[in-house]
Protein chains: 2
Amino acid sequence: MARLEVTLNRVDDTFHFVGENPQGIQVHLDDATSRPDGVGLGMSPMQLLLISLGGCSGVDLASILGKGRQKVDALRIEVRGDKPDGVAPSLFNAVHVTFRVDGEVDPDRVKRAVDLSLGKYCSVSKTLEPTATITATYVVNGTAYEWEPAG
Amino acid sequence: MARLEVTLNRVDDTFHFVGENPQGIQVHLDDATSRPDGVGLGMSPMQLLLISLGGCSGVDLASILGKGRQKVDALRIEVRGDKPDGVAPSLFNAVHVTFRVDGEVDPDRVKRAVDLSLGKYCSVSKTLEPTATITATYVVNGTAYEWEPAG
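For clarity, every value in this text was computed on a predicted model and none was experimentally measured. (Residues numbered from 1 in each chain as written. Chains lettered and ligands numbered in written order. Predicted model: local features only at pLDDT ≥ 70, side-chain atom pairs only at ≥ 80, totals over all residues. Heavy atoms only, no water.)

## Regarding the relation of the copies chain B and chain A
Consideration 1: Superposition of chain B onto chain A requires a rotation of 180 degrees combined with a translation of 0.0 Å along the rotation axis, giving an RMSD of 0.0 Å. Here the transformation between the copies is reduced to the relation of a two-fold axis. (Least-squares fit on C-alpha atoms with pLDDT ≥ 70 in both.)

## Considerations on the sheet that holds strand β1 (residues 2-10) of chain B
Consideration 1: One open sheet holds the 7 strands; their spatial order is β7(A)-β6(A)-β5(A)-β4(A)-β1(B)-β2(B)-β3(B), and the pairing between them is mixed. Each having just a single partner strand, β7 (143-147) of chain A together with β3 (26-29) of chain B make up the two edges of the open sheet. Pairs of neighbouring strands in the sheet enclose a mean axial angle of 20 degrees, with direction left out of account.
Consideration 2: Two strands pair when backbone bridges link them, and strand β4 (residues 71-83) of chain A and strand β5 (residues 94-104) of chain A are joined in this way by 11 bridges, in the antiparallel orientation. Its bridge partner being in β5 of chain A, V72 of chain A is matched across the sheet by G103 of chain A. (Pairing = 2+ DSSP bridges. Helix = DSSP H or I, 4+ residues; strand = E, 2+ residues; numbered from the N terminus. Axes fitted to C-alpha atoms, helices over the stretch in contact; angles between N-to-C directions.)

## Digging into the packing of aromatic side chains
Consideration 1: A full pass over the atoms with the stated rule returns 2 aromatic pairs over all chains.
Consideration 2: With a centroid separation of 5.1 Å and 15 degrees between ring planes, the pair formed by Y138 of chain A and Y145 of chain A is classed as stacked. (Phe/Tyr/Trp six-rings, centres within 6.5 Å; stacked < 30°, edge-to-face > 60°.)

## Digging into the domain arrangement of chain A
Residue and element names in this part refer to chain A.
Consideration 1: Per the domain assignment, the segments making up chain A are domain 1 (1-43) and domain 2 (45-147).
Consideration 2: Here the C-alpha centroids of domain 1 and domain 2 sit 24 Å apart.
Consideration 3: On the domain 2 side, the residues contacting the 4 residues of domain 1 number 4 residues.
Consideration 4: Carbon and sulfur atoms make up 81% of the area that domain 1 and domain 2 hide from each other, which totals about 360 Å².
Consideration 5: Together, V27, L29 and M43 form the three largest contributors to the area buried by domain 1 at its contact with domain 2, with a combined 91%. (Domains from an automatic or database assignment. Contact = heavy atoms within 4.5 Å. Buried area = accessible area lost by both parts, 1.4 Å probe.)

## As for the interface of chain B and chain A
Consideration 1: Of the residues lining the interface, 73 residues belong to chain B; the matching set on chain A comes to 73 residues.
Consideration 2: Taken together, the two surfaces of chain B and chain A that pack against each other cover about 6200 Å², and 67% of this comes from carbon and sulfur.
Consideration 3: Taken together, the connections running from chain B to chain A amount to 2 salt bridges.
Consideration 4: With its nearest N and O atoms 2.8 Å apart, the salt bridge here joins D82 of chain A to R3 of chain B.
Consideration 5: Our count for the contact surface shared by chain B and chain A stands at 18 residue pairs in polar contact (both at pLDDT 80 or more).
Consideration 6: At the level of elements, β1, β2 (17-20), β3, α1 (45-67), β4 (71-83), α2 (107-121) and α3 (123-128) of chain B are the ones that each hand at least two residues to the side of chain B that touches chain A. (Salt bridge = Lys/Arg side-chain N within 4 Å of Asp/Glu carboxyl O. Polar contact = N/O pair within 3.5 Å; in protein donor to acceptor, adjacent residues only side chain to side chain.)

## What to know about the pattern of salt bridges
Residue and element names in this part refer to chain A.
Consideration 1: As enumerated under the stated definition, the model contains 14 salt bridges over all chains in all.
Consideration 2: Between K111 and D115 there is a salt bridge, with the nearest N and O atoms lying 2.9 Å from each other. One end of the pair is K111 and the other is D115, both in helix α2 (residues 107-121) and 4 residues apart, which spans about a single turn.
Consideration 3: Taking relative accessible area as the criterion, K111 reaches 31% and is therefore assigned partly exposed.
Consideration 4: Under the relative-accessibility criterion, D115 is labelled buried at 11%.
Consideration 5: Overlapping salt bridges bring together R76, E78 and R100 as one network. (Buried < 20%, exposed > 50% of the residue type's maximum accessible area, 1.4 Å probe, protein only.)

## Here we look at the state of the cysteines
Note on terminology: a disulfide is the covalent bond linking the sulfur atoms of two cysteines.
All names here are of chain A.
Consideration 1: Applying the stated criterion across every chain yields a total of 2 disulfides over all chains.
Consideration 2: Across a sulfur-sulfur distance of 2.3 Å, C56 and C122 are joined as a disulfide pair. Of this pair, C56 sits in helix α1 (residues 45-67) while C122 sits in the loop between α2 and α3 (123-128), and the two are 66 residues apart along the sequence. (Disulfide = S-S within 2.5 Å.)

## Some remarks on the pairing of β2 of chain B
All names here are of chain B.
Consideration 1: Two elements, β1 and β2, share 4 bridges in a ladder whose sense is antiparallel. Looking at the pairing, T7 lines up with E20 of β2.
Consideration 2: Hairpin connection between β1 and β2: a loop of 6 residues separates the two successive antiparallel strands, and D12 in this loop has a positive phi of roughly 50 degrees.
Consideration 3: When β2 meets β3, the two strands line up antiparallel, connected through 4 bridges. Residue G19 lies in a different strand from β3, and its bridge partner there is V27.
Consideration 4: What sits between β2 and β3 in their antiparallel hairpin is a turn of 5 residues, with G24 showing a positive phi close to 85 degrees.

What follows is the structure in structure tokens.
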């Protein structure tokens, strides 16, 4: 069993929180909807959930493509989540991940890496799966391919 | 329908990614397990998932206690997640949230706020619920109470 621990401290009398892991890495959270200008001083918790998914699958891709001796020059991930408006709770029911890979990279290898990450290994993806449909696009040197989960 | 969008860019040839929301707020992610010293330059994606939960329920508590005219001097949230070791995927199967509230605050009001957040409103909590058992403790001015989900 592995145990992960994090802490969050509220800043003053606001909805702004500072989250921290045991190594002292910080992230700012805020509820932008509570502010008159709609601009928060941090991520919303649900944005952070999408970033968690992008990071999880991003590390998988970096690892799998590296082991496959693909020369990746750049890797960018865009994550989009749709959720119902005006209700609480409001869970993502559809999440779409776009992987943009540049370099001397075989598109079939990228497809396989996405298969392994979203289809098999990524813990955040598997956590979201019971409540959200997850789809993906991978874009290799500017050419886009729709990803279909393996059989 | 509300749509949230975030992006992540890989830093050089590493497992370090910078995540960003449309307002330009950033968070650093990394896979510490890949580093010889075990110290990453960012959060792990699964740590970030716990922070997302803590932020979601933290905003709920700040909001509910504020509306209830409780005078909260400090609010700190600790989130702990247990997951199996050495397998992929490795989802949290148990998550425990500790809410530490100081101020002129009625413990029954804090209990009610935790009921409403974890039991009802918090979207991240509801996303984790199919795969994790979520428990909580609330500590008011140093006195700890175990939280039991309402009926």
